[in-house]
Amino acid sequence: MALLLFTPACSGWLRAEGGFTTSTTLAKGRQGGSVGLEAAVGGRHDPVIMDVALRGKVTEGAGDASLFLGALHIHRPEPVGFYVLGGVNFLQLGSADGDVSFGMFSPAAEAGLVIGFTDKKKVNGVPVEPPDMLTIGTRIEYDLRFTSQPHEGFWTVNLGYAIGVAP
């Protein structure tokens, strides 16, 4: 994946992110942390590119690990841009209220700012190295559980570091 980002015809990012998460009901014991590793790649002129992420969230009363599949739009950071990300947590495994939980196809959407903070060498206007980016975003997701626990919404505020090339 990283090698594709060095290809002049590709765009995308590799991102690590972490932040604070809370249940949308603000219920006691449902506030905690969130982490994720993400990769997105597509054509240089594609307005929307495919995105895959492994994410986890941990609170006192619930936690899970998920595989996210979605679509990403990045607006070039010059030096500040934005991104919009939407898709589903394709598979979720975790616990809620002390019992094992399992879910699939939970919708998730994220939006935020992309701040480019290094200039890399360019050849014919195309970066030779992917630029470094800082991301600040917010995500909303609705956990659809197939076990006895009720479905539940979560809101996350995150900070991320990415290398990549915006279209």
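Reading the values: rules and limits
- Residues numbered from 1 in each chain as written.
- Predicted model: local features only at pLDDT ≥ 70, side-chain atom pairs only at ≥ 80, totals over all residues.
- Heavy atoms only, no water.
- Helix = DSSP H or I, 4+ residues; strand = E, 2+ residues; numbered from the N terminus.
- Contact = heavy atoms within 4.5 Å.
- Core = buried A, V, L, I, M, F, W, Y, C linked by side-chain atoms within 4.5 Å.
- Buried < 20%, exposed > 50% of the residue type's maximum accessible area, 1.4 Å probe, protein only.
- Phe/Tyr/Trp six-rings, centres within 6.5 Å; stacked < 30°, edge-to-face > 60°.
- Salt bridge = Lys/Arg side-chain N within 4 Å of Asp/Glu carboxyl O.

Re the environment of Gly94
- For Gly94, the location among the structural elements is in strand E5 (residues 80-96).
- Here the alpha-carbon distance between Gly94 and Ala65, two residues 29 residues apart in the chain, equals 6.2 Å.
- The residues touching Gly94, leaving out its near neighbours within four places in the chain, are Gly63, Asp64, Asp99, Val100 and Ser101.

A few points about the nonpolar core
- Trp13, Leu72 and Val114 are the most contacted members of the largest nonpolar core, which totals 13 residues.
- For this core, the elements supplying multiple residues, two or more each, are strand E3 (49-59), strand E4 (62-74), E5 and strand E7 (106-116).
- With three residues, E4 is the single largest residue contributor to this core.

Focus on the packing of aromatic side chains
- Enumeration according to the criterion identifies three aromatic pairs in this entry.
- Taken together, a centroid distance of 5.3 Å and an interplanar angle of 65° make the contact between Trp13 and Tyr83 edge-to-face. With a gap of 70 residues between them, Trp13 in strand E1 (residues 10-23) and Tyr83 in strand E5 connect regions that are remote in the sequence. The pair formed by Trp13 and Tyr83 is uniform in burial state, with each residue classed as buried.
- A ring pair is formed by Phe102 and Phe146, whose centres lie 5.8 Å apart and whose planes are at 50°; its orientation type is tilted. Taken together, the residues Phe102 in strand E6 (residues 99-103) and Phe146 in the loop between strand E10 (132-143) and strand E11 (152-165) connect sequence positions 44 residues apart.
- Overall, the relative accessible area of 28% leaves Phe102 in the partly exposed class.

Remarks on the pattern of salt bridges
- One pass over the full model with this rule turns up 16 salt bridges.
- Across the pair Asp97 and Arg30 runs a salt bridge, and its minimum N-O distance is 3.1 Å. One end of the pair, Asp97, is in the loop between E5 and E6; the other, Arg30, is in the loop between E1 and strand E2 (31-43), and 67 residues separate them in sequence.
- Notably, a salt bridge pairs Glu141 with Arg139, separated by 3.5 Å at the nearest N-O pair. Assigned by exposure class, Glu141 and Arg139 land together as buried.

Here we look at the side chain of Glu110
- By the secondary structure assignment, Glu110 is in strand E7.
- Glu110 sits in the buried class, given a relative accessible area of 3%.
- Beyond its immediate stretch of four places on either side in the chain, Glu110 contacts Arg15, Arg55, Tyr83, Val84, Leu85, Thr138, Arg139 and Asn158.

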